[in-house]
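# Report on the structure
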Amino acid sequence: MPKDKPCVLVIHSSRFGQSTKIAQAIVDEMAACGVDSDLQALSVTTAPDPQRHDAVALVISVRYGHFDANAAKFLAAHRAWLDAHPSLLVTVSLTARTEAKRDPAVHSYTKKFLEETTWVPTHTEVVAGMLDYPSYKIWDRLAIQLIMTMTKGPTDPKTVIEYTDWDRVKELADEFAKLVKDAPGVSENLNRR
Ligand SMILES: Cc1cc2nc3c(=O)[nH]c(=O)nc-3n(C[C@H](O)[C@H](O)[C@H](O)COP(=O)(O)O)c2cc1C
């Protein structure tokens, strides 16, 4: 079906909902910039539709040092398409709550993920997630308290803090929407499909 706006495939992988919330905020802000999105939860079958999608945004959270294994599988399966289209990687974690760690070249999980997958997204953003001790099961809470002790963060089990910088998420979505609209071939292909 012909379309009059670029369309981004926005993929989210979330355990407690924060990455989904961030992905939704990106979708909403890109819509305000004149860019459509398809929001999909990451699964083994996630795939871009070459007839419909002009770009991809992947929003994934860290759990015990790792991202959803389907992220690496998705990249391997669609690498040729990804390399030919604008792409955005957003990683969500608690170590990113300090500004120094939000540099993708410094943030160890992001660095390792990019090294292992060899993917070079057009833009990479490291975003701070949510700390919500009351909603964690006991072993998860103890593990996070240990991580927080090591990284000088809050350990009080009643703590609920959303560290996400929503202004930056919005700005990021504005920047990516512009990048997609300006990408070679995108405007020329509108209404042709
Ligand atoms: C069980 C568990 C393990 C986590 N492991 C890590 C970790 O290894 N490193 C880190 O920086 N953050 C870690 N986090 C923090 C999450 O990445 C953060 O809470 C994020 O907001 C979760 O996003 P999601 O709700 O989309 O899954 C962990 C959180 C939980 C609950």
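Residues numbered from 1 in each chain as written. Predicted model: local features only at pLDDT ≥ 70, side-chain atom pairs only at ≥ 80, totals over all residues.

## Quick notes on the overall build of the protein chain
Inclusion rule: The helix count covers DSSP runs of H or I at least four residues long, the strand count covers runs of E at least two residues long, and both are numbered beginning at the N terminus. Two residues form a contact once the distance between their C-beta atoms, set from the backbone, is within 7 Å.
In terms of regular secondary structure, the protein chain is built from seven helices and seven strands. For the protein chain, the α and β elements follow one another from N to C terminus as β-α-β-β-α-α-β-α-β-β-α-β-α-α. In terms of overall dimensions, the protein chain has a C-alpha envelope of 55 × 30 × 30 Å along the principal axes. In the protein chain, 79% of the contacts between residues at least 6 apart in sequence involve partners at least 24 apart.

## Points about the site of the ligand
Put simply, the rule is: Being near a molecule or strand means, for a residue, that its C-beta atom, positioned from the backbone, comes within 6 Å of it. Polarity classes work like this: nonpolar for Ala, Val, Leu, Ile, Met, Phe, Trp, Tyr, Cys and Pro, charged for Asp, Glu, Lys and Arg, and polar for all others, with Gly in that last group. Domain start and end points were adopted from an automatic or database domain assignment.
The environment of the ligand is formed by 21 residues, the closest being Ser14, Phe16, Ser19, Ser61 and Gly129. At the level of secondary structure, the elements contributing two or more residues to the shell around the ligand comprise α1 (18-32), β4 (87-93) and α5 (138-150). Per-element tally for the shell around the ligand: the top contributor is α5, with three residues. Class assignment for the residues of the shell around the ligand results in nine nonpolar, nine polar and three charged. If you count residues domain by domain, the shell around the ligand takes at least three from each of domain 1 (7-129 + 164-189) and domain 2 (131-163).

## Remarks on the sheet that holds β4
Selection rule: DSSP bridges decide pairing: two strands pair if at least two such bridges lie between them. Geometry is summarised by axes, namely lines fitted to C-alpha atoms with helices restricted to the contacting stretch, and by angles between N-to-C directions that run from 0 to 180 degrees.
Strand order across the open sheet formed by five strands is β2-β1-β3-β4-β5, with parallel pairing between neighbours. Each end of this open sheet is capped by a strand with a single partner; those strands are β2 (36-41) and β5 (123-128). Neighbour-to-neighbour, the strand axes of the sheet open up by a mean angle of 15 degrees, direction not taken into account. Sitting on the sheet, α1 is in contact with β1 (7-13), β2, β3 (55-61), β4 and β5, with an inclination near 165 degrees to β1.

## Thoughts on the pairing of β4
Threshold: Exposure criterion: with C-beta atoms placed from backbone coordinates, a residue whose C-beta has 20 or more other C-beta atoms within 10 Å is buried, one with 12 or fewer is exposed, and one in between is partly exposed. Crossover handedness is defined by viewing with both strands directed away from the observer: a clockwise path from the first strand over the helix to the second marks the crossover as right-handed.
Counting buried positions along β4 yields seven of seven residues, so the element is predominantly enclosed. A two-sided burial pattern is seen for β4, the buried positions comprising Ser87, Leu89, Thr91 and Ser93 on one face and Leu88, Val90 and Val92 on the other. Strand direction decides the pairing type here: β3 and β4, joined by six bridges, are parallel. Along β4, the bridge assignment pairs Val56 with Ser87. Here six bridges tie β4 to β5, and the two strands are oriented parallel to one another. Among the inter-strand pairings, Val90 is bridged to a residue of β5, identified as Glu125. Following the backbone out of β4, through helix α4 (residues 108-117) and into the adjacent parallel β5, one traces a crossover that is right-handed.

## Side note on the domain arrangement of the protein chain
You can read the domains of the protein chain as domain 1 (7-129 + 164-189) and domain 2 (131-163). Each of domain 1 and domain 2 has a C-alpha centre, and the two are 26 Å apart. Opposite the seven residues of domain 1 that make contact, domain 2 presents seven residues.

## Observations regarding the nonpolar core
What counts here: Definition of nonpolar core: a set of buried Ala, Val, Leu, Ile, Met, Phe, Trp, Tyr and Cys residues joined via C-beta atoms within 7 Å.
One finds Val8, Ala57, Leu58, Val59 and Val90 to be the most contacted residues of the largest nonpolar core, which totals 41 residues. Secondary structure elements with two or more residues in this core: β1, α1, β3, α2 (69-77), β4, α4, β5 and α6 (166-182). Contacts of Ala57, omitting those with residues within four sequence positions, involve Val8, Val10, Ile26, Leu88, Val90 and Phe176.

## A closer look at the environment of Ala77
Mapping Ala77 onto the fold places it in helix α2. Separated by 30 residues in the primary sequence, Ala77 and Ala47 place their C-alpha atoms 8.4 Å from one another.

## Here's the deal with α2
What counts, and what does not: Throughout, the arc means that of the directions going from the helix axis to the C-beta atoms.
Taken residue by residue, α2 has Ala71, Phe74 and Leu75 as its buried positions. Seen end-on, α2 carries its buried residues on one side only, within an arc spanning 95 degrees. Those residues of α2 that are exposed and angled more than 90 degrees off the buried face are Ala69 and Ala76. As for α2, its buried residues are in contact with β1, β3, α3 (79-83) and α4.

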